[in-house]
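Observations on the three-dimensional arrangement
What follows is each chain in one-letter form.
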Amino acid sequence: MAESSDPAQQFPSLPKRIHGLARLSYNVWWSWHREARELFPALDQQAWRESDHNPLRMLALVPQQTLDNAARDPEFLERFDAVMAEFDANIASQTGWFTTEYGAPQDPLAYFSAEYAFHHSLPLYAGGLGVLAGDYIKECSDLAIPMVAVGLIYSRGYLSQKIRDDGWQEDDEKTLDRTYDPVKLVLNGNNEPLRVQVPFFEPPVHVLVWRADIGRVPVYLLDTEVETNQPWDRAIAHRLYTNDPEQRLRQEIVLGIGGMCVLKALGIHPAAVHINEGHPAFAFLERARGLVESGTPFEAAVAKIRETSVFTTHTPLSAGTDVFPFPLFEKYFSSHYDKFGTDRNGLLQLGTNPANPDAGFNMTVFALRMSNFCNAVSKKHGEVAREMWKGVWPEKKLEDVPITAITNGVHLLTWMDPQWLQPLFAKYVSPGWIRDQDQLKMWEAVDNIPDEELWGSHSLLKILLIDEINERAREEWQKKRVRAESVIAFGALLDPEILTIGFARRFTSYKRPDLILHDLDRLKLILTNPLQPVQIIFAGKAHPSDIAGAQLIQRVFQLARDPNFAARIAFVENYDQHLAARMVRGVDMWLNNPLPPLEASGTSGMKAGANGVPSISILDGWWLEGYNGTNGWAFGGDATEGDRTAADAEALYRLLEEKIIPLYYLRPDDEIPHEYVRVMKAAIKSVAPQFSSRRMLKEYVRQFYVKALGVKKS
Ligand SMILES: *Cc1c(COP(=O)(O)O)cnc(C)c1O
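Predicted model, so just to flag it, every value in this text is computed and none were measured.

Let us look at the environment of Asn448. You can see Asn448 is positioned in the loop between helix H20 (440-443) and helix H21 (451-480). Residue Asn448 is classed as partly exposed on the basis of its relative accessible area of 47%. Along the sequence, Asn448 and Val429 sit 19 residues apart, while their C-alpha atoms lie 7.1 Å from each other.

Take the side chain of Ser121 next. Within the secondary structure, Ser121 sits in the loop between strand S3 (116-117) and strand S4 (123-124). Exposure remark for Ser121: the relative accessible area of 6% places this residue in the buried category. Here the side chain of Ser121 touches His119 through a polar contact of 2.8 Å, side chain to side chain. Non-local contacts of Ser121, meaning those with residues more than four positions away in its chain, are made with His53, Asn54, Asp181 and Pro182.

Next up on the list: the sheet that holds strand S21 (residues 589-592). Strands sit in the order S20-S19-S18-S21-S22-S23 across an open sheet of six strands; the sheet is parallel. Both outer strands of the open sheet, strand S20 (569-572) and strand S23 (632-635), are each paired with one neighbouring strand and no more. Averaged over neighbouring strand pairs, the angle between their axes works out to 20 degrees when direction is ignored. Relative to strand S19 (residues 534-539), strand S18 (residues 499-504) is paired through six bridges, and the arrangement is parallel. The residue bridging Ala504 from the neighbouring strand is Ala539, located in S19.

If you check the shell around the ligand, you find 13 residues, and the closest are Lys511, Ala580, Thr603, Ser604 and Lys607. The side chain of Ser604 places a nitrogen or oxygen atom 2.5 Å from an oxygen atom of the ligand. Protein chains bury 93% of the 390 Å² of accessible surface belonging to the ligand in isolation. Mapped onto the shell around the ligand, the elements with two or more residues apiece are helix H9 (128-142), helix H25 (577-586) and helix H26 (604-610). Among the residues forming the shell around the ligand, the class breakdown is four nonpolar, five polar and four charged.

Attention shifts here to the nonpolar core. Counting 174 residues, the largest nonpolar core has Ile18, Leu24, Ile137, Trp443, Ile516, Ile616 and Tyr705 as the members making the most contacts within it. Here Ile18 is in contact with Leu67, Ala70, Ala71, Phe76, Leu77 and Phe80, once residues within four sequence places are set aside. Residues Ala110, Phe200, Leu347 and Met363 belong to the second largest nonpolar core, which totals 71 residues.

Summarising the element assignment, Gly103 is placed in the loop between helix H8 (97-102) and strand S2 (109-113). Sequence spacing of Gly103 and Lys713 is 610 residues, and the spatial spacing of their C-alpha atoms is 7.8 Å. Setting aside anything within four residues of it in sequence, one finds Gly103 in contact with Phe98 and Ser714.

All right, on to the packing of helix H12 (residues 282-293) against helix H16 (residues 363-370) then. Running from N to C, H12 and H16 point in directions that differ by 45 degrees, and their axes come no closer than 9 Å. Accordingly, the angle class assigned to the pair H12 and H16 is oblique. In this structure, H12 crosses over H16, and the sense of that crossing is left-handed. Contacts between H12 and H16 involve Phe282, Phe284, Leu285 and Ala288 from the first element and Met363, Phe366, Ala367 and Met370 from the second. The residue makeup of the contact of H12 with H16, split by class, is eight nonpolar, no polar and no charged.

Before going further, it helps to spend a moment on the domain arrangement of the chain. By domain assignment, the chain separates into domain 1 (7-92), domain 2 (97-164 + 171-408 + 698-709) and domain 3 (412-691). Between the C-alpha centres of domain 2 and domain 3 there is a distance of 33 Å. Contacts between domain 2 and domain 3 engage 33 residues on the former and 37 residues on the latter. Approximately 2,600 Å² of surface area, both sides summed, lies buried where domain 2 meets domain 3, with 52% of it carried by carbon and sulfur atoms. When residues of domain 2 are sorted by the area they lose upon contact with domain 3, Gln161, Ile163 and Asn408 head the list and together hold 24% of the total. If you look at where domain 2 meets domain 3, you find two salt bridges. Glu625 is paired through a salt bridge with Lys379; the nearest N and O atoms lie 3.6 Å apart. Seen at the junction of domain 2 and domain 3, the total is 13 residue pairs in polar contact (both at pLDDT 80 or more). Contributing elements (two or more residues each) for the side of domain 2 that touches domain 3: H9, strand S6 (158-163) and helix H17 (379-389). A per-element tally of the side of domain 2 that touches domain 3 places S6 first, with six residues. Per-class residue counts for the side of domain 2 that touches domain 3 are 13 nonpolar, 12 polar and eight charged.

Applying the stated rule across the entire model yields 40 salt bridges. The closest approach of N and O atoms between Arg694 and Glu139, which form a salt bridge, is 2.7 Å. Within this pair, whereas Arg694 is found in helix H30 (residues 693-709), its partner Glu139 is found in helix H9, the two being separated by 555 residues in sequence. A salt bridge links Glu650 to Arg522; the nearest nitrogen and oxygen atoms lie 2.6 Å apart. Taken together, the residues Glu650 in helix H28 (residues 644-665) and Arg522 in helix H23 (residues 520-528) connect sequence positions 128 residues apart. Through salt bridges that share partners, Glu139, Asp142 and Arg694 make up one connected network.

Time to look at helix H19 (residues 421-429). If you check which residues of H19 are buried, you get Leu421, Gln422, Leu424, Phe425, Tyr428 and Val429. For H19, the arc enclosing every buried residue in end-on projection is 155 degrees, short of the 170-degree limit, so these residues lie on one face.

Burial within helix H14 (residues 326-333) is extensive, with six of its eight residues counted as buried. Of the residues making up H14, those classed as buried are Phe326, Leu328, Phe329, Glu330, Tyr332 and Phe333. Looking at the buried residues of H14, the elements they touch are helix H10 (231-234), helix H11 (245-265), H12, strand S14 (323-324), helix H15 (344-350) and strand S15 (361-362).

In this structure, Asn345 sits in helix H15. Distance in space between the C-alpha atoms of Asn345 and Val292 is 17 Å, their sequence separation being 53 residues.

The next thing to look at is the packing of H21 against H25. A packed helix pair is summarised by two numbers, namely the angle formed by the two axes and the spacing between the axes. Axis separation between H21 and H25 bottoms out at 8 Å; the angle between their running directions is 140 degrees. Considering their axes alone, H21 and H25 lie oblique with respect to each other. The chirality of how H21 crosses H25 is left-handed. Contacts between H21 and H25 pair His458, Leu461, Lys462, Leu464, Leu465, Glu468 and Arg472 from the former with His578, Leu579, Arg582, Met583, Arg585 and Gly586 from the latter. Counted by class, the contact of H21 with H25 contains five nonpolar, three polar and five charged residues.

Moving on to a negative patch on the surface. Taken together, the side chains of Glu452, Glu497, Asp669, Asp670 and Glu671 define an acidic patch exposed on the protein surface. Inspection of the secondary structure puts Asp670 in the loop between H28 and helix H29 (674-690).

As a further point, take the side chain of Glu139. Glu139 sits in the buried class, given a relative accessible area of 0%. Not counting the four nearest positions on each side in its chain, Glu139 is found in contact with His411, Ser693, Arg694 and Leu697.

Rules and cut-offs
- Residues numbered from 1 in each chain as written.
- Predicted model: local features only at pLDDT ≥ 70, side-chain atom pairs only at ≥ 80, totals over all residues.
- Heavy atoms only, no water.
- Helix = DSSP H or I, 4+ residues; strand = E, 2+ residues; numbered from the N terminus.
- Buried < 20%, exposed > 50% of the residue type's maximum accessible area, 1.4 Å probe, protein only.
- Polar contact = N/O pair within 3.5 Å; in protein donor to acceptor, adjacent residues only side chain to side chain.
- Contact = heavy atoms within 4.5 Å.
- Pairing = 2+ DSSP bridges.
- Axes fitted to C-alpha atoms, helices over the stretch in contact; angles between N-to-C directions.
- Near = heavy atom within 4 Å.
- Areas by Shrake-Rupley, 256 points an atom, 1.4 Å probe, with all protein chains shown as cover.
- Nonpolar A, V, L, I, M, F, W, Y, C, P; charged D, E, K, R; others polar.
- Core = buried A, V, L, I, M, F, W, Y, C linked by side-chain atoms within 4.5 Å.
- Parallel < 35°, antiparallel > 145°, perpendicular 65-115°, else oblique.
- Left-handed = near helix turned anticlockwise from the far one by under 90°.
- Domains from an automatic or database assignment.
- Buried area = accessible area lost by both parts, 1.4 Å probe.
- Salt bridge = Lys/Arg side-chain N within 4 Å of Asp/Glu carboxyl O.
- Arc of directions from axis to C-beta.
- Patch = residues over 30% accessible without salt bridge, like charges linked within 9 Å, V, L, I, M, F, W, Y side chains within 5 Å.
- Lys, Arg positive; Asp, Glu negative; His and termini not counted.
- Charge placed at Lys NZ, Arg CZ, Asp CG, Glu CD.

See below:
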């Protein structure tokens with residue numbers, strides 16, 4: 001199968017000597033390899049910034065003279081050659097941890113997800129689920145796990161957030177740019193765009209296929225924006241998680257069933273299929289249909305599929321589960337039951353939740369029934385999920401419900417600061433720290449980093465964060481003439497000398513972004529204490545249909561504008577992967593206070609901890625496993641439902657007042673808060689190895705993939 005756009009044609013001005021830059025730009029690999037990432041700003045700092053860190057767009061912006069100079073600059077060429085040699089060697093070799101352990105299987109695994117966050121130049125995600133999927137695929141590449149990935153390309157999916165002067169969130173649609181985003185149209189044998197028909201639609205729906213390369217893993221993205229499709233069909237993949245239930249069902253048919261058809265058209269026959277959350281679960285249906293077509297009876301086909309199907313559930317919220325009313329489901333499937341070798345009941349039964357049999361076709365229940373390998377994303381979430389879905393296995397005792405737990409992790413090379421922290425690890429922890437990043441023992445050597453060096457790096461990262469926020473606030477002023485109070489609310493007066501709390505995640509009720517605002521008088525005393533002041537940086541989007549979430553943003557923003565809080569609260573617009581990276585490195589502590597047990601795992605606190613930013617968090621999700629008494633702080637707990645919020649807020653205030661603030665401001669003669677640095681080091685030592693995507697992927701391999709692929713340790 002060919003790919004479109006010969007880079008030589010696309011970048012006619014790129015001198016031959018550095019033509020590899022085009023190849024490098026098309027593979028997001030550059031984003032998690034320091035020397036590769038630094039190549040672009042080294043070429044042209046201004047174009048790099050103007051392109052919003054998108055190498056392809058940048059190459060179009062760089063003046064010809066600059067390119068010609070670079071092609072003759074021995075220093076640049078030396079760096080360029082080193083990067084290209086590493087890149088080409090890595091991409092060309094299919095070997096790594098997985099193949100050393102298990103050999104190379106004939107067919108790959110296929111991973112399906114409705115969203116992916118690889119880099120902010122490729123806007124295909126809404127939030128944490130996408131970030132997890134993006135980190136997952138990068139780690140598969142690093143470990144040489146034989147994987148192909150499938151998703152959708154959302155032409156108008158990504159919302160960028162604007163806050164009005166009155167604090168209300170407005171959503172700007174950011175449209176995908178098929179020219180400069182790092183995706184290539186997949187061509188067929190005749191060098192024409194590959195078009196694949198998705199079954200079950202009348203009139204037929206076709207998809208085009210785009211390919212993104214994430215290191216060694218190809219990601220195939222289905223596009224319904226095809227001229228021959230009807231307008232409503234073209235819109236199937238316009239937006240992530242559309243609210244219209246029928247369009248959502250159609251989206252999931254395209255993702256799951258269309259996705260399997262695309263793999264087939266590409267000649268890829270996955271040995272096992274892993275679906276990330278329930279949205280792509282129809283992939284299992286299509287796999288079963290394929291077996292039935294070649295003569296296997298329906299029940300046997302389902303049994304067979306299960307042996308090579310993996311399903312990860314991510315949410316303890318029922319709103320996170322798609323349930324399609326039966327009549328809607330039947331609208332698409334009723335004339336096709338025979339294709340599955342079964343009847344209406346045979347098919348509908350698979351998606352029926354015994355706990356709520358009339359609700360409709362439940363994608364999570366269906367996925368659970370179709371997979372022998374099911375997991376939740378933290379130990380606590382495992383317990384919650386077994387309780388939630390035990391009805392699917394009425395004959396089993398609760399503890400035997402076959403949903404295990406594999407706790408999430410984050411891709412360290414993506415999230416750990418490459419500029420100052422990673423070099424410290426190389427110097428003081430181990431020169432081979434990247435290879436051994438999931439080894440708990442190795443990280444003990446974090447103690448070898450001199451306090452002043454770790455604190456010095458942290459202080460630089462904090463200044464970098466606050467500078468960027470100041471810059472954004474000034475832009476608001478210049479471009480939109482927002483009111484002065486809003487400029488302050490956007491963070492124009494943040495101070496790098498002050499203890500800084502970060503709170504950034506989706507704004508939604510169960511995450512309780514307003515918990516710390518519970519007693520405003522007390523909060524004001526904490527923030528404006530003249531000797532030991534505190535500031536809070538908030539960021540996060542609300543889902544467009546979550547009015548309560550938007551109201552929470554408004555409440556925070558209005559306080560941020562309130563002179564009583566004297567610029568000690570900021571709300572930064574448009575939380576995305578870039579801002580997240582800056583924040584988890586640059587604040588002093590990371591606050592998380594969901595209503596237990598609704599946080600399945602949470603990953604932003606892992607990113608922070610790996611950068612030496614300790615969590616101050618409710619014991620829920622990953623923190624129940626992560627907190628060890630020395631690496632951050634836990635609060636909240638016993639209160640009964642009614643006064644839970646008051647009790648949690650009280651516990652938070654007390655912890656800050658009595659413990660954390662005094663610790664932070666305890667500065668001996670050398671001005672370095674050694675006690676606080678000790679907590680920072682404990683955070684890195686415990687969080688980096690245990691909550692790395694490397695540890696996570698190895699668990700998936702050992703618990704699931706080895707069995708699903710039928711491979712053995714070699
Ligand atoms: C990490 C991340 C998330 C998920 O954070 P949680 O702590 O799981 O809520 C969401 N959005 C972005 C942009 C992230 O980087």
